Amino acid sequence: MYQYTDFDRQFVRNRADQYRDQLERNLAGTLTDDDFRPLRLQNGWYIQRYAPMLRVAVPYGELASSQLRVLAKIARDYDQPNAQVYQTAQTTQAKLGTAKLPTGYGHFTTRQNIQYNWIPLDKSADVMDLLASVDMHGIQTSGNCIRNITSDERAGIAVDELVDPRPFCEILRQWSTLHPEFAFLPRKFKFAVSGALEDRAATHWHDVGLHLLRNAAGDIGFKVLVGGGMGRTPVIASTIRDFLPWNQILNYLEAVVRVYNRWGRRDNMYKARIKILVKAEGQRFTDEVEAEYRQIIELDGAPHTITQDELDRVSASFVPPALQGDKPDSTQKVVQILRATAENDVEFSRWLKQNVAPHKNPDLRAVTLSFKRLGHAPGDATADQLDTAADLADQFSAGEVRVTHDQNLLLPWVRCDQLAELWHAARKAGLARSNIRLLTDMISCPGGDFCALANARSIPIAEAITERYQDMDELHDLGEIDLHISGCMNSCGHHHSGHIGILGIDKDGQEWYQVSLGGSDGSTLSGTPVPGKVVGPSFGAAEVPDVIEAVLDTYRRERRHAETFIATFRRVGMDPFKVAANSVRQTAMAELA
Amino acid sequence: MKLIAANAHATGARGLNVINIANDADPRTLNLDGVERIDLNFPKFADGRAFSQAFLLRRRLGFKGEIRATGDVLIDQLVQMQRSGFDAAVLREDQNLDFAQRQFDRYQAFYQGDAVTVKPHFIADRVSTPATEGAAA
């Protein structure tokens, strides 16, 4: 992991001081709510339906166990609303059917951050101090600025990796932090960086997607994609540079963001993302970026050319941890023991298959702890579970975890001779469900139970589907399926890229759900990135699990041999799925089609 | 940075050659010969186009005169204005100058280069020693 310098540490503390100054002025009435809003947003503080929400930055998903323990403490001690706030929330949500709103927990997001839903605003500055004590913050986790940078959950350990993206992510993080020119862009701006053959970071769906690669001469550089995004208008990013030398990436991105800052639309929030600009201007956008980049090089003197010294300095933080104890043993013996154990225990065998991934180091594995289980919203972790994850990280993974794009935690440094032991420990903690990448490993936003933007609740839909698909035999038989749920068009639950996407819609104060099929995040399994297609008019909440079941039954009927859901969908097309989905409809909402 | 109270700002001061630029104009298309002061405008403080204009004027075009921030100018944006190339700001009427100075004193340095400090932190005054106390592992 990146090791903070004294400068980095002081910087985050200064930021916490600055936030406290702003909060105090706001509470004293000298900084109006309107003027305070963009400032608190750029520290991760939203005001949601019933209480503030804090989004903590987890740069490219990497967390130390010491940081996890502070996140647990925040969940335990601060994610607690006062009685009146909670009662108002619970009473209001009960009318919609939500039995009990959870408190005292964190929620992992698709952008590898963690959110809290109940921290009172008057305690917000204390929480920022607590975060700063372990080199954490909420800088630019919201607002119309460059957001937290996301990456491959297997960065630095993936067997298919060409270049480790983490040092570049960190250099980008520092460059984008409190950038004076780019704090008030037309709209939010998201980077995702990948350095592997497999795209595990949904790079085509980001404002800027960066692919690290080597050219024919063996030099390291970036392929630069710009203008992807979800929301009302899903757009797949365009490649504007096939190869940019690695040391020019900051100069080049300065050009991209400057053109966006100058040209991006500010008259209509729904047309303000860079995807709209790239679509509208086409080649003219690319030409302007290239012209601006040339001027940065020729006239400004390319001030942000990354030096080899700086890359080396940052890279030194990312050397693989020294493993404790005896040299781990991936020899035939260990493999045989694992295989024998797996043969005797179908659950362990399934866990090895779904939750354990290969590693650059053949003695090691990457293990995903599943935060997708009945009784908890997808990606929610209680204070105790956060502490447990920290303990597991210390015991089995050199004290490091990664927040994944799919809202789970990944242990990146697990010795393969400790897999059985880890499995027992994770199972005891309820985090060993072997559903990674299966139907119930769904992505879901917090939805209308918490979010002020949501049109409908997501969590009850996720829960109803999870409940219906508890049979592990059935789940494994269905195979790998991306199910993504968003409570509104802002698409935090990435419904556009799900093989099955569910979108919450409000119609006269009622919750309705649009179902789409065939979306892809751009991974090998999912194929060329593309938004899913809507099956028809929206469904009532009670109908949604039946629709999902009808769609999955259609898959089982149509599939050939070991064909995946998405492969079957691509081969047979929308029609049989559409017919099946619409056959369970009890109500007609044709006008919402 | 020169901070100016709202009532002390004169748009066409004493024979000075001042131009106002709308925030969607490209400063590179203007004739700046003899111009002594350029007023840039923030219609809303969250409309950040004038930051890029100031950067281009100061850094790209090497404009030596005054670059003045006008419009919805709040003390919490002063530091980034200064870093982008502004050297004067007309504060919105309700702003309290008493709270302004401590915004400038807070950070000893920033990560990226800007219109004033050209080099990024990783080149200038690199302090590369890892933190000495209570680090997160």
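What counts, and where the lines are drawn
Residues numbered from 1 in each chain as written. Chains lettered and ligands numbered in written order. Predicted model: local features only at pLDDT ≥ 70, side-chain atom pairs only at ≥ 80, totals over all residues. Helix = DSSP H or I, 4+ residues; strand = E, 2+ residues; numbered from the N terminus. Contact = placed C-beta atoms within 7 Å. Pairing = 2+ DSSP bridges. Axes fitted to C-alpha atoms, helices over the stretch in contact; angles between N-to-C directions. Core = buried A, V, L, I, M, F, W, Y, C linked by C-beta atoms within 7 Å. Buried ≥ 20, exposed ≤ 12 C-beta atoms within 10 Å, placed from the backbone. pLDDT = per-residue confidence, 0-100. Domains from an automatic or database assignment. Nonpolar A, V, L, I, M, F, W, Y, C, P; charged D, E, K, R; others polar. Expected span 1.5 Å × (residues − 1).

## Describing the environment of D300(A)
Right, on to step 1. By the element assignment, D300(A) lies in the loop between α9 (283-298) and α10 (308-315).
Right, on to step 2. Taking the C-alpha atoms as reference points, D300(A) and S491(A), 191 residues apart in sequence, are found 39 Å from one another.
Right, on to step 3. Leave out the neighbours within four places in its chain, and D300(A) touches Q295(A), R59(B) and R60(B).

## Describing the sheet that holds strand β1 (residues 2-4) of chain B
Residues and elements named next belong to chain B.
Right, on to step 1. Here we have five strands laid out as an open sheet, ordered β1-β5-β4-β3-β2, and parallel in their pairing. Only two strands of the sheet have a single partner each, and these edge strands are β1 and β2 (18-21). When the angles between neighbouring strand axes are averaged without regard to direction, this sheet yields 20 degrees.
Right, on to step 2. Docked against the sheet, helix α1 (residues 49-60) engages β2, β3 (37-42) and β4 (66-71), running at close to 160 degrees with respect to β3.

## With respect to the nonpolar core
Right, on to step 1. Of all hydrophobic cores here, the largest spans 172 residues; its most connected members are V256(A), A389(A), L411(A) and V551(A).
Right, on to step 2. Top element by residues in this core is helix α7 (residues 249-263) of chain A. It accounts for nine residues.
Right, on to step 3. Ignoring sequence-local partners within four residues, the contact set of A389(A) consists of L68(A), L369(A), A381(A), V401(A) and L409(A).
Right, on to step 4. Ranked by size, the runner-up nonpolar core spans 22 residues in total, among them I38(B), L57(B), L74(B) and V79(B).

## Digging into the confidence of the model for chain B
Residues and elements named next belong to chain B.
Right, on to step 1. Of the residues in chain B, 88% reach a pLDDT of 70 or more, and the chain-wide mean stands at 89.
Right, on to step 2. Taken together, the stretch residues 132-137 has pLDDT below 50 and engages in twelve contacts with residues farther than four places along the chain or on a different chain.
Right, on to step 3. ipTM for the predicted complex: 0.94, alongside a pTM of 0.95.

## Considerations on the domain arrangement of chain A
Residues and elements named next belong to chain A.
Right, on to step 1. Domain parsing of chain A yields domain 1 (6-132), domain 2 (150-317), domain 3 (332-428) and domain 4 (443-587).
Right, on to step 2. Between the C-alpha centres of domain 3 and domain 4 the distance comes to 27 Å.
Right, on to step 3. Contacts between the two partners involve six residues from domain 3, matched on the other side by nine residues from domain 4.
Right, on to step 4. Each residue belonging to the side of domain 3 that touches domain 4 can be placed in one class, and the counts come to three nonpolar, one polar and two charged.

## Describing helix α3 (residues 65-77) of chain A
Right, on to step 1. The first and last C-alpha atoms of α3(A) sit 18 Å apart over 13 residues, in line with the 18 Å expected at 1.5 Å per residue.
Right, on to step 2. Inspection of α3(A) places S65(A), Q67(A), L68(A), R69(A), V70(A), L71(A), A72(A), I74(A) and A75(A) among the buried residues, and these make up the whole buried set.

## Concerning the interface of chain A and chain B
Right, on to step 1. Taken together, the contact pairs 46 residues of chain A with 37 residues of chain B.
Right, on to step 2. Only α1 (6-28), α2 (33-41), α3, α6 (166-176), α7 and α10 of chain A provide two or more residues apiece to the side of chain A that touches chain B.
Right, on to step 3. Ranked by the residues each element gives to the side of chain A that touches chain B, the list is headed by α1(A), at nine residues.
Right, on to step 4. Each residue belonging to the side of chain A that touches chain B can be placed in one class, and the counts come to 15 nonpolar, 18 polar and 13 charged.

## Focus on the environment of F122(B)
Right, on to step 1. Among the structural elements, F122(B) can be located in the segment after α3 (101-105).
Right, on to step 2. Along the backbone, F122(B) and S84(B) are 38 residues apart, and their C-alpha atoms lie at a distance of 19 Å.
Right, on to step 3. Aside from chain neighbours lying at most four places away, what touches F122(B) is T307(A) and E310(A).

## Here we look at the sheet that holds strand β4 (residues 105-108) of chain A
Residue and element names in this part refer to chain A.
Right, on to step 1. Ordered in space as β1-β2-β5-β4-β13, the five strands form an open sheet in which the pairing is antiparallel. Each edge of the open sheet carries a strand with a single partner, namely β1 (45-47) and β13 (380-382). Each strand of the sheet is rotated relative to its neighbour by a mean of 30 degrees, with strand direction disregarded.
Right, on to step 2. Bridging between β4 and strand β5 (residues 114-116) involves two bridges; their strand directions are antiparallel.

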